[in-house]
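What follows is each chain in one-letter form.
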Amino acid sequence: MDFQRFRVTPGDRVLDMGCGAGRHAFELYRRGAHVVAFDQDAGELSGVEKMFGAMRLEGEVPAEASAETVQGDALDLPFPDDHFDAIVASEVLEHIPDDMRAMRELLRVLRPGGKLAVTVPSWLPERVCWALSEDYHTAPGGHVRIYTRAELEAKLKSVGFRVGGHHHAHGLHAPYWWIKCAVGVNDDAHPLARAYHKLLVWDIMKRPRATRLAERALNPLIGKSVVVYFAKPAGPGTAAGQARETADAG
């Protein structure tokens, strides 16, 4: 995600829906948000909860920020209507058979005028993975569909979201997954997979200029993820809607 496009301010209530290991939730917490890390996997949430505590102890987060974990089902979010200022749904919708119901739940719990960031695997890199390995997409809890960006945008528009901009990310990661699919998705010890994984870890830790430039060039072509930004329209009866009407009138 690009936090220049998806701006979160201290005090915002933000849902990380399908948080997994918590990467986005941790960054939101550092930015002073009131974060809810939501997932179906209790094991993942346990690790996220421990990291939240460690971040607080180390003074990595503003004093007014808060963070909690909630376990549940994306098809029946346990939150009131219009509750969150922003929502992140990263690499999760491709796992959900009834994705339209999950999208309607995201719209319900987001306040009018609130923003949504969705990431899913990009069509081309994902299609290559599916072609190389059946195990990649048939494992329990795995990917059940390959989105085109047009399909993702059309579905979210159909439930009521307004579409914003988009970009691609993780151009260096696509070849890693192609290697994994070719040699066996569970064969982490394979020399090619192990070597490329070391490269990715080195890149994440050191962030050298050469690989940053390479990824920037590769992202539009083979970026492993596509990131799309949306907003819930502000109704005329809401504070956000009134502010927008005032701005339009001006």
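Residues numbered from 1 in each chain as written. Predicted model: local features only at pLDDT ≥ 70, side-chain atom pairs only at ≥ 80, totals over all residues. Heavy atoms only, no water.

Structural notes on the state of the cysteines
Reasoning step 1: Overall, the coordinates contain 0 disulfides when judged by the stated rule.
Reasoning step 2: Lacking any disulfide linkage, C129 is separated from the closest cysteine sulfur, that of C181, by 3.9 Å.
Reasoning step 3: The class of C129 is buried, set by a relative accessible area of 0%. (Disulfide = S-S within 2.5 Å. Buried < 20%, exposed > 50% of the residue type's maximum accessible area, 1.4 Å probe, protein only.)

Observations regarding helix 7 (residues 173-183)
Reasoning step 1: Within helix 7 the residues assigned to the buried category are A174, P175, Y176, I179, K180 and C181.
Reasoning step 2: Buried residues along helix 7 sit against helix 4 (123-132), helix 5 (134-138), helix 8 (191-206) and helix 9 (209-222).
Reasoning step 3: Of the residues flanking the end of helix 7, it is G184, one or two places downstream, whose phi is positive at about 125°. (Helix = DSSP H or I, 4+ residues; strand = E, 2+ residues; numbered from the N terminus. Contact = heavy atoms within 4.5 Å.)

Structural notes on the side chain of D99
Reasoning step 1: Residue position: D99 is located in helix 3 (residues 99-109).
Reasoning step 2: Take D99: its relative accessible area is 3%, and that puts it in the buried class.
Reasoning step 3: A polar atom in the side chain of D99 sits 2.8 Å from the side chain of K155.
Reasoning step 4: With near-sequence residues (within four places) excluded, D99 lies in contact with L93, R145, Y147 and K155. (Polar contact = N/O pair within 3.5 Å; in protein donor to acceptor, adjacent residues only side chain to side chain.)

Remarks on the pattern of salt bridges
Reasoning step 1: A complete count under the given rule lists 16 salt bridges for this structure.
Reasoning step 2: In this structure, R145 engages D99 in a salt bridge whose closest nitrogen and oxygen atoms are separated by 3.7 Å. In this pair, R145 is assigned in the loop between helix 5 and helix 6 (149-159) and D99 in helix 3, connecting sequence segments 46 residues apart. By the burial criterion, R145 is buried, and D99 matches it.
Reasoning step 3: E126 is the salt-bridge partner of K224, the closest N and O atoms lying 3.4 Å from each other. On the criterion of sequence distance, the pair formed by K224 in the loop between helix 9 and strand 7 (225-231) and E126 in helix 4 is long-range, its members being 98 residues apart. (Salt bridge = Lys/Arg side-chain N within 4 Å of Asp/Glu carboxyl O.)

Quick notes on the confidence of the model for the protein
Reasoning step 1: Averaged over every residue, the pLDDT of the protein is 92; the share at 70 or more is 94%.
Reasoning step 2: Here residues 237-250 is modelled with pLDDT under 50, and outside its nearest four sequence neighbours on either side it reaches 12 contacts, counting other chains as well. (pLDDT = per-residue confidence, 0-100.)

Examining the environment of W123
Reasoning step 1: Here W123 lies in helix 4.
Reasoning step 2: Assessed through its relative accessible area of 40%, W123 is described here as partly exposed.
Reasoning step 3: C-alpha of W123 to C-alpha of Y147: the two residues are 24 residues apart in sequence and 5.9 Å apart in space.
Reasoning step 4: Ignoring sequence-local partners within four residues, the contact set of W123 consists of I146, Y147 and T148.

As for the sheet that holds strand 6 (residues 162-169)
Reasoning step 1: A sheet is described by the order of its strands in space; here 7 strands give the open sequence 3-2-1-4-5-7-6, paired in mixed fashion. With partners counted over all chains shown, the strands left at the sheet margins are strand 3 (66-71) and strand 6, one partner each. Averaged over neighbouring strand pairs, the angle between their axes works out to 15° when direction is ignored.
Reasoning step 2: Two elements, strand 2 (residues 34-39) and strand 3, share 6 bridges in a ladder whose sense is parallel. Bridge assignment links D39 to a residue of strand 3, and that residue is Q71.
Reasoning step 3: Against the sheet, helix 3 touches strand 1 (13-17), strand 4 (84-90) and strand 5 (110-121), its axis set at about 145° to strand 5. (Pairing = 2+ DSSP bridges. Axes fitted to C-alpha atoms, helices over the stretch in contact; angles between N-to-C directions.)

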